[in-house]
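Listed below, chain by chain, are the residues.
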Amino acid sequence: GSTTFSRDAPLVGLIWAQTTNGVIGKDGGMPWHLPEDLAHFKRTTAGHPVIMGRRTWDSFPAKYRPLPDRTNIVISRSPQRRAALEAGGAIVVGSLPLALAEARRHPGAEELWIIGGGEIFRLAADQATTAVVTVIDLESDGDAFAPPLGPGWVLDGVSPAAGWDAGANGTRYRVARWSRL
Ligand SMILES: Nc1nc(N)c2c(n1)CN(C(=O)COc1ccccc1N1CCC(C(=O)O)CC1)C2
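Residues numbered from 1 in each chain as written. Predicted model: local features only at pLDDT ≥ 70, side-chain atom pairs only at ≥ 80, totals over all residues. Heavy atoms only, no water.

A few points about the overall build of the protein
Using the following cut-off: Helix numbers and strand numbers start at the N terminus; a helix is a DSSP run of H or I with at least 4 residues, a strand a run of E with at least 2. Throughout, the radius of gyration refers to the C-alpha atoms, and the reference size of a globule is 2.2 Å times the residue count to the power 0.38. Each residue's exposure class comes from its accessible area (1.4 Å probe, protein chains only) as a fraction of the maximum for that residue type: buried when under 20%, exposed when over 50%, partly exposed otherwise. By the convention used here, residues are in contact when the closest approach between their heavy atoms is within 4.5 Å. Each accessible area is a Shrake-Rupley result for a 1.4 Å probe, and residues are judged covered by the shown protein chains and nothing else. Only four residue types enter the tally: Lys and Arg on the positive side, Asp and Glu on the negative side; His and the chain ends are excluded. To locate a charge, take NZ of a lysine, CZ of an arginine, CG of an aspartate or CD of a glutamate.
In terms of regular secondary structure, the protein is built from five helices and eleven strands. Computed over C-alpha atoms, the radius of gyration of the protein comes to 16 Å, within 12% of the 16 Å expected from 2.2 N^0.38 for 181 residues, which places it in the range of a compact globule. If one aligns the C-alpha atoms of the protein with their principal axes, the spans along those axes are about 50 × 45 × 30 Å. By the burial criterion, 45% of the 181 residues in the protein qualify as buried. Sequence-distant contacts in the protein: of pairs separated by 6 or more residues, those separated by 24 or more amount to 66%. Counting only carbon and sulfur atoms, one obtains 54% of the accessible surface of the protein, whose full area is about 9600 Å². In the protein, the 19 positive side-chain charges and the 18 negative ones have mean positions that sit 4 Å from each other.

What about the site of the ligand?
What counts here: For this description, a residue counts as near a given molecule or strand if any of its non-hydrogen atoms is within 4 Å of it. Any pair of nitrogen or oxygen atoms within 3.5 Å is treated as a polar contact; in protein, a donor-acceptor pairing is required on top of that, and neighbouring residues in sequence qualify only through side-chain atoms on both sides.
In the vicinity of the ligand lie 17 residues, with I15, D37, F60, R70 and I115 positioned nearest. One of the backbone nitrogen or oxygen atoms of I15 is found 2.8 Å away from a nitrogen atom of the ligand. One of the backbone nitrogen or oxygen atoms of W16 is found 3.5 Å away from a nitrogen atom of the ligand. Within the complex, the protein chains bury 88% of what would otherwise be the 620 Å² of accessible surface of the ligand. Looking at the shell around the ligand, the elements with two or more residues in it are β1 (11–19) and α1 (35–45). Counting residues per element, the shell around the ligand draws most heavily on α1, which supplies four residues.

Comments concerning the environment of G13
Along the chain, G13 falls in strand β1. Spatially, the C-alpha atoms of G13 and A124 are 9.2 Å apart, while their sequence positions differ by 111 residues. Once residues lying within four places of it in the same chain are set aside, the contact partners of G13 are L112, W113, I114 and T130.

Overview of unusual backbone geometry
Between R65 and the following residue, P66, the backbone shows a cis peptide bond with an omega angle of -10°. Mapped onto the secondary structure, P66 falls in the loop between α2 (54–59) and β4 (72–75). At the junction of G116 and G117, the peptide bond is cis and its omega measures out at -5° in the coordinates. Mapped onto the elements of the fold, G117 is located in the loop between β6 (111–116) and α5 (118–124). Backbone geometry places D27, a non-glycine residue, at a positive phi of 50°. In this structure, D27 sits in the loop between β2 (23–25) and α1. Positive phi, close to 65°, is recorded for D69, a residue that is not glycine. Locating D69 in the fold gives a position in the loop between α2 and β4.

Quick notes on the side chain of T171
Relative to the elements of secondary structure, T171 occurs in the loop between β10 (165–166) and β11 (172–180). By relative accessible area, T171 is classed as buried at 18%. A polar contact is formed between the side chain of T171 and the side chain of N169, at a distance of 2.7 Å.

A closer look at the nonpolar core
What counts, and what does not: Within this scheme, the nonpolar core is defined by two criteria: the residues are buried Ala, Val, Leu, Ile, Met, Phe, Trp, Tyr or Cys, and they are joined through side-chain atoms within 4.5 Å.
Grouped together as the largest cluster of nonpolar side chains are 24 residues, with contacts concentrated most on L14, W16, I51, I75, L96, L100 and I114. Secondary structure elements with two or more residues in this core: β1, β4, α4 (96–103), β6, α5 and β7 (130–136). Ranked by the residues each element gives to this core, the list is headed by α4, at four residues. Sequence-distant contacts of L100, defined by excluding residues within four places in its chain, comprise V12, I51, L112, I114 and Q127. Counting residues in each nonpolar core, the second largest holds 16 residues, with V50, M52, W57 and W113 among its members.

Here is the structure:
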């Protein structure tokens, strides 16, 4: 029979999109337009709590906030910003540990997704057990970067395994899935 492992520890995943040279953001946005990635992001995170830094929250067009069908947890150390963020539908906490603790209380918490940005990914890389990375066939300058995945991270697979997918607008991309032992 199949063995099922009860996961009392949630799966903590990182999810981001980057250029081939590791840029994840520029001037508060992303230097590409790839609706297929937005659909992939929404499909992957829907139904689960998402944890993000305040800049990532601000980067979403207002009509997308809070991200629907997900508990939106925003890390901000600024008491001045807390009220506005909460008014916008976010749960606001002051640190990543507090965000992870808060996320566990919400629906879908068997899987938690950390969705950005660069500063939060670096803090979270040693606590996450999976990373889902959209690599876009583009070189760009930027001001936010993908975290280095340190020792212990292994590449589980890339889709497509060779070459690139192409979005309707011609942007080439692929999705790499990493896990940390
Ligand atoms: N692979 C991967 N990883 C990430 N962490 C993120 C992404 N892609 C994409 N992201 C962005 O910030 C960018 O988003 C958007 C930017 C402009 C317009 C709409 C959107 N979105 C439309 C869909 C919304 C939803 O999901 O409902 C979210 C906002 C985070």
